[in-house]
Structure formats: C-alpha cells, structure tokens
Amino acid sequence: METLLLWLFYISSLYAFIPGLITRIFGFRVFRRGISKEYFSLTFDDGPDPQYTPELLDLLKRYDAKATFFVVGSNAERHPELVKRMHEEGHLIGIHNYVHKTNWLMGPAEVKKQIQKTGKVILDATGARTHFYRPPWGIVNLFDFAKRNETQIVLWSAMFSDWRVKIGADKLTKRMLKKLRGGEVFLLHDCGATLGANTTAPGEMMVALERVLKEARNRGLNSIRIDEMIRISEAAKEGKKVKRNSSVQQADSKKKQISLFKKTIVALWMAWEKLFHLLFRLKTINPENPLMHFRIRSYRGQQVTMSDGSVLTSGDQIMELHIDNKLLFELGMKSKSPVQLAIKMVRRMEQEMPLIARYISDHAELAKVKALYGVSMINRGPEKFGFTVTDLPKGLFSGSSRIYLKFLMRVIHPEGGSRLNQSPELLIPKLILMPLGYLAEHYAENGSHRNISENPNESIEEPEPVAIPASL
C-alpha cells in the first residue's frame, strides 16, 4: 500500500507539481513578463460576465487601453456578443478552458478537448482563431508543454487577489500601483462566479483599475495586448545582441530623417501650407498652441448617416478640420516610432476636442454648423473620439486626396516611405464626421467629457497620424 501511494505521489509530481514549479520559477515555455519601459499588459480571466464585462470594456475604451481576455468557453458560449465586442474593439482573446477546472485533475485528452472546444466558440463569435492559453489558476501539467506549437501559454507577473471583495478598491489600488511599471503582466478578473471568488468583486476591481489607468497615463505607460507585449519583448532581446551597433544605426537614421533633400521638401511644403491657409481663409482654434485649423463651408457630397442617426446632406454647414502640418512634422521628427507619434497625437487630440466644443459654443454664428468634417488616412484613431469613419465616394476628389495624403505621409511620417511600401492597401483616405450634438454632449464643459488616453499600439494599432486637409 505504501509503495502504491509512493508511486502515485511520484506520478502526480511529475505530471503536475514539477511542471507547475518550473514554469513559476524559471518561466519555462510560458510567457509571464515582458521587456518594455513604456508598456504593460492587462489580462482578465474567467469572463465574459453579462454585468461586469460590458462595464469593463467601456472603461478600457475611455482610456484607449488594450487588454487580453482569457475567456471560459462555457461563459463565452452563453455570451458570444461580448466576445465579438472584445474582438471588434481591438482586444486579444485567449482560452481559459471550457470550464474553470484545474489541469491537474484532467488527463491530456480532456485538456485538449477543453482548449479546442473553447477555441471553436471564440472562432464562431469573432471569425478569428486564437492560440493564446492560460490554464485555470495558472496550473500546467506535463503534456501542456507538448502543445508548444499549438498554444502559447501565458501566465502573469503580478496578481492582486482581486477576486475577493473584502480586499476593497482602496487596498487593491495600492497593490496595483506598486506593480505599475513597464513589462508587467497584470492578472485581473472580470467575473466573480468561479469557485472561491465573490460575485461582486469585479466591481471593486474596476474602481481600482480606473485609478490605475489614470496614473498610468500620467506616467506615460500604456496597456497593450499580450501578443504585442511578446513581440516588443522579443525585439528588445534581439536589440541587446546588436547593442554595439545600435548607436551607429540611430545616427544613420537621424541623418536620413533630416537630409538636405527632405529639408528642402519640407520647407517648400510649409510654404504651400501658408498659401493654403490664406487662399481658404483658415482660422485657428487655439492660436497659442495650434493643432487644428478650420473653415466653415457647405457640404457637397452624398448623404451620410452619422453616429447619432442624423443625416448630413448636400448644403448643410460643416466645420472642415485641418491638422497643423508643421506641428505634425515636428512631432514626427521627435518620435522614435510610428506608435510614439500616434500616442502624442492622441494626447493632443484629447486636449483639443473640448477646445473645439467651447469655440463653437462661444461663437453664435456657428449655430447652423451640423458636423465636424475631415478627410484622413487615420482609419482607426478618429473612432476613439466619436467620429464616424466612412469611405469617400469614388471620383476625382477621392483619387487626388489619396495622392496628396500619400505624399504627405512620405514627408511627415518618421517611417512614411516604408509604411507605404509595406501596407499600401491600408492607406486609403476616409471621410470622418462628428455631429455637433455628439461634440456638445461628450466634450463641452457641461457635458460628459470623455477622456481618451494615449495608447501605444493596435491598439492604437499604429494609426497613421497624417494631416487631414479636406480640399486640395
């Protein structure tokens, strides 16, 4: 009997305990912490939950934070609309088994079935496959290592016991702020229905999370998806191997950015900008720190239904917006990457939107303006501020706008030429619109002014922050 128990102990240790130990201590074949100064990752387990997950998605959207959701398959099957929303709003979705059951108590075939079944639920809801996997309680078994090519196991670097309601938002905030730094992978929960959790605990977590997201924004930290954290971390590791050559590469890069040819092109372009402002009599919303210029004109084009259901028709008055290209060029030259440039632009736009709302309310002659209007290659960024993004009608204006904005991309964007060569099909000018009612409601001083924080990555997902002159 003692021999049998001893063998059972040896087998269980080899199957579960030892693999779990080496993943926690050495990080063997799992991802648990990134390498970054600017980014950290928020991950949420056990959902989706019909009450808390929508509130969490709203919170993440307000701060433009991207996260990774490790969903329980049975919950996802009951609420596919929430899984679809996660995907559509740019979050990464991973697998957390079909039921919240430890892998120690399941054989390899059952674990495989749990993963495949949850993967199919996610595929049916989003149309996209996932291979990111977090086993419940982070407990792996020996055969989880064998699925290296099928799944990427993701653990965490910071856990806060947020599933217990008695921790409370204040203590949870302190714990999270203590770990708030680049590279960290936060483990949080958007559902309190699992064994050992409290059903109302996610409410406390979200109070704390909003405080942390505010502080992260103040520190210049941004939450990104796990796949992006992995990519950035791998690039950082490769960078260490070529550290000796990095200064030379940076010097060469800077020389290319400020070459005589480019200086000449930029000087000519800025001269054209001044002439453009004079010809079309553009006004500036904030002369002391200009980001946006505008003119009021009648809309000429096809009917467009805007986000509030109102329809913009030919003859309606619009405020046509133009980003200050000089400022954009200066920001581009100071940015180390397209993502950093996008972050800076989002910060400036966050400050500018209330100023636009105030300017319109202070000028009675603008009472008949129906919408803000622009043409841009920023195909994703404007939606975060409430703009409707739609295709330009095909024609001369659409074609000439595309040529104009591509040229502008090459001049202003820090990696403009390479971006055009890599993804020309994505760089299509779009019409962006915002009804004045939405602007007043969300950005006026007496409205519910949304705060849009900077996001690094897909989430911003590397939008192209180029100027948006709507007329050539």
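Once a new chain begins, its residue numbering starts again from 1 and follows that chain's sequence as written. Local features in a predicted model are, by the rule used here, given only for residues with pLDDT of at least 70; side-chain atom pairs are given and counted only at 80 or more, and totals for whole chains, interfaces and linings are based on all residues. The side-chain figures draw on all heavy atoms in the structure; neither hydrogens nor water molecules are used.

Asks: So what's going on with the overall build of the chain? Residues and values would help.
Replies: Counting secondary structure elements, the chain contains 15 helices and 16 strands. The contact criterion used throughout is that any non-hydrogen atoms of two residues lie within 4.5 Å. Sequence-distant contacts, at least 24 apart, represent 78% of the contacts inside the chain between residues at least 6 apart. Reported accessibility uses the Shrake-Rupley method at a 1.4 Å probe radius. Residues are deemed covered only where the shown protein chains occlude them. Of the roughly 23,000 Å² of accessible surface on the chain, a fraction of 56% belongs to carbon and sulfur atoms. Here a helix means four or more residues in a row that DSSP labels H or I, a strand means two or more in a row labelled E, and each is numbered from the N terminus.

Asks: For the packing of helix 6 (residues 168–178) against helix 7 (residues 201–219), give the residues involved together with the corresponding values.
Replies: Contact pair helix 6 / helix 7: the axes reach a minimum separation of 8 Å and the direction vectors enclose 35 degrees. Remark: the crossing between helix 6 and helix 7 carries right-handed chirality. Packed against helix 6, whose contacting residues are Gly168, Ala169, Asp170, Leu172, Thr173, Met176 and Leu177, the element helix 7 presents Glu204, Met205, Val207, Ala208, Leu209, Arg211, Val212, Glu215 and Arg219 at the interface. Here, axes are lines fitted to C-alpha atoms. For helices the fit covers the stretch in contact, and angles between N-to-C directions go from 0 to 180 degrees. The sense of a crossing depends on the near helix, which, turned anticlockwise from the far helix by less than a right angle, makes the crossing left-handed and, turned clockwise, makes it right-handed.

Asks: Explain the confidence of the model for the chain to me, using residue names and the numbers behind them.
Replies: pLDDT runs from 0 to 100 and stands for how confident the predictor is about each residue. Of all residues in the chain, 70% have pLDDT values of 70 or greater, and the mean over the chain is 78. Across residues 1–18, where pLDDT falls below 50, the model places 18 contacts with residues more than four positions away in sequence or in other chains.

Asks: Lay out unusual backbone geometry with the relevant residues and their values.
Replies: Cis peptide bonds are those with omega within 30 degrees of zero, and the linkage from Gly47 to Pro48 qualifies with 0 degrees. Residue position: Pro48 is located in the loop between strand 1 (39–45) and helix 2 (52–62). Unusually for a residue other than glycine, Ser161 sits at a positive phi of about 55 degrees. Among the secondary structure elements, Ser161 is positioned in the loop between strand 6 (158–159) and helix 6. Here the phi dihedral of Arg281 falls at roughly 55 degrees; this positive angle occurs in a residue that is not glycine. Relative to the elements of secondary structure, Arg281 occurs in the loop between helix 10 (260–280) and strand 9 (283–284).

Asks: So, the nonpolar core: which residues are in play, and what are the values?
Replies: Nonpolar core, defined: a set of buried Ala, Val, Leu, Ile, Met, Phe, Trp, Tyr and Cys residues in which side-chain atoms within 4.5 Å join the residues together. Exposure categories follow from relative accessible area, calculated using a 1.4 Å probe and restricted to protein chains: below 20% of the type maximum is buried, above 50% is exposed, and the middle band is partly exposed. Membership of the largest hydrophobic core comes to 60 residues, with the highest contact counts inside it found for Leu42, Phe44, Phe69, Met176 and Leu209. In terms of residue count, helix 7 provides more of this core than any other element does, seven residues in total. When sequence neighbours within four positions are dropped, the list of residues in contact with Met176 reads Phe160, Phe186, Leu188, Ala208, Leu209 and Val212. Counting residues in each nonpolar core, the second largest holds 30 residues, with Met319, Val346, Val369 and Met434 among its members.

Asks: Residues and numbers for the side chain of Thr102, please.
Replies: For Thr102, the location among the structural elements is in the loop between strand 3 (92–95) and helix 5 (108–126). Not counting the four nearest positions on each side in its chain, Thr102 is found in contact with Trp137 and Ile139.

Asks: Mind laying out helix 4 (residues 80–88), listing which residues take part and the relevant values?
Replies: Those residues of helix 4 that sit buried are Leu82, Val83 and Met86. Down the axis of helix 4, the buried set is contained in an arc of 100 degrees. They therefore lie on one face. Structurally, helix 4 contributes buried residues whose contacts are with helix 2, strand 2 (67–71), helix 3 (73–78), strand 3 and helix 5. Looking one or two residues past helix 4, Gly90 carries a phi angle of roughly 90 degrees, positive in sign. In this context, the arc is that of the directions from the helix axis out to the C-beta atoms.

Asks: Any chance you could break down the packing of aromatic side chains for me, citing the residues and the numbers?
Replies: Within 6.5 Å between ring centres, the rings of Phe, Tyr and Trp (the latter by its six-membered ring) count as paired, and their orientation is classed by plane angle as stacked under 30 degrees, edge-to-face over 60, tilted in between. Under the defined criterion, the tally for this structure stands at six aromatic pairs. Between Phe160 and Phe186 the ring centres are 4.9 Å apart and the planes differ by 65 degrees, which places this aromatic pair in the edge-to-face class. Placement of Phe160 in the loop between strand 6 and helix 6 and of Phe186 in strand 7 (residues 185–189) is noted, with a sequence separation of 26 residues between them. Judged by centre distance (4.8 Å) and plane angle (40 degrees), the rings of Phe276 and Phe280 are tilted.

Asks: Which residues make up the sheet that holds strand 14 (residues 369–376), and what values go with them?
Replies: Being paired, for any two strands, means DSSP has found at least two bridges between them. Taken in spatial order, the six strands line up as 9-10-13-14-16-15 in an open sheet, and their pairing is mixed. The open sheet is flanked by strand 9 and strand 15 (388–391), the only strands paired with a single partner. Here strand 15 runs beside strand 16 (residues 430–435); their pairing, made up of four bridges, is antiparallel. Paired with Asp391 across the bridge in strand 16 is Lys430. The strands that helix 15 (residues 436–443) touches are strand 14 and strand 16; relative to strand 16, the one it contacts most, it runs at about 65 degrees.

Asks: Describe in detail helix 2, supporting the description with residues and values.
Replies: Those residues of helix 2 that sit buried are Tyr52, Thr53, Pro54, Leu56, Leu57, Leu59 and Leu60. Just beyond helix 2, the residue with positive phi is Asp64, at close to 55 degrees.

Asks: Please give an account of the pattern of salt bridges that cites residues and values.
Replies: Salt bridge, as used here: a side-chain nitrogen of Lys or Arg that lies within 4 Å of a carboxyl oxygen of Asp or Glu. What the rule picks out here adds up to 16 salt bridges. Taking the shortest distance from any N to any O, the salt bridge between Glu89 and Arg85 comes out at 2.6 Å. On the basis of relative accessible area, Glu89 is assigned to the buried category, the value being 18%. Between Arg297 and Glu320 there is a salt bridge, with the nearest N and O atoms lying 2.5 Å from each other. In this pair, Arg297 is assigned in strand 10 (residues 292–298) and Glu320 in strand 13 (residues 317–323), connecting sequence segments 23 residues apart. Accessibility assignment for this pair places Arg297 and Glu320 in one class, buried. Among the charged side chains, a network of salt bridges with common partners joins Arg33, Arg181 and Glu184.

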